[in-house]
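Residue strings, one per chain:
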Amino acid sequence: GSSGELILLHVKPLTGRTHQIRVHFASLGRPLVGDVAYGNGSVGPFMRLFLHCRRLALRDATGHRFVAKAPLPPELKELLRQLQPIEERPAPTRV
C-alpha cells in the first residue's frame, strides 16, 4: 500500500470466485484493511477484515429472485468515523 492512505471503494465482483476482491486488490498493492492473508493485517486496534456485502441478489430453488441486504456493521462504521481525509497537495511546479 502507500503511506497509510486508505481508500473506500464500492466493488461489484464479476463472479463468485473465492477471495476474488482480496486477491485483486492485493495484486495492485492495495490490500484490504485487516486482511492477514493477502495484506498487512490490522490497522491499529481494528482487528477484522474490512469487507462487507451490503446487497446480494440470488434466485431461490423455484427461480424467484431473492435480495438480501445488510447495513454496515457498527465496528466498520466506527473505523470510517475515525478516519480523516488527506489534505489536497498542490501539483508540483515544473521548471
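Here the structure is a predicted model, which means the values were calculated and not measured.

Buried residues of helix α1 (residues 20–27): I21, R22 and F25, and no others. When α1 is viewed along its axis, its buried side chains cluster within an angular range of 100° and face the same direction.

Among the surface-exposed residues, L6, L8, L80 and L83 lie close enough to one another that they form a single nonpolar patch of about 330 Å² accessible area. With respect to the helices and strands, the residue L80 is situated in helix α2 (residues 74–82).

Further remarks concern the environment of V23. For V23, the position within the fold is in helix α1. The class of V23 is partly exposed, set by a relative accessible area of 37%. Spatially, the C-alpha atoms of V23 and G39 are 9.2 Å apart, while their sequence positions differ by 16 residues.

All right, on to a positive patch on the surface then. Positive charge collects at one region of the surface, where K12, R54, R55, R59, R65 and K69 lie side by side. Listing elements by their share of the positive patch, those giving two or more residues are β1 (55–59) and β2 (65–69). If you trace the backbone, R65 turns up in strand β2.

Position of D35 among the secondary structure elements: in the loop between α1 and β1. You can call D35 buried: its relative accessible area is 0%. Apart from the residues lying within four places of it in its own chain, the contact partners of D35 are R22, N40, G41 and L49.

Conventions we followed
- Residues numbered from 1 in each chain as written.
- Predicted model: local features only at pLDDT ≥ 70, side-chain atom pairs only at ≥ 80, totals over all residues.
- Heavy atoms only, no water.
- Buried < 20%, exposed > 50% of the residue type's maximum accessible area, 1.4 Å probe, protein only.
- Helix = DSSP H or I, 4+ residues; strand = E, 2+ residues; numbered from the N terminus.
- Arc of directions from axis to C-beta.
- Patch = residues over 30% accessible without salt bridge, like charges linked within 9 Å, V, L, I, M, F, W, Y side chains within 5 Å.
- Areas by Shrake-Rupley, 256 points an atom, 1.4 Å probe, with all protein chains shown as cover.
- Salt bridge = Lys/Arg side-chain N within 4 Å of Asp/Glu carboxyl O.
- Lys, Arg positive; Asp, Glu negative; His and termini not counted.
- Charge placed at Lys NZ, Arg CZ, Asp CG, Glu CD.
- Contact = heavy atoms within 4.5 Å.

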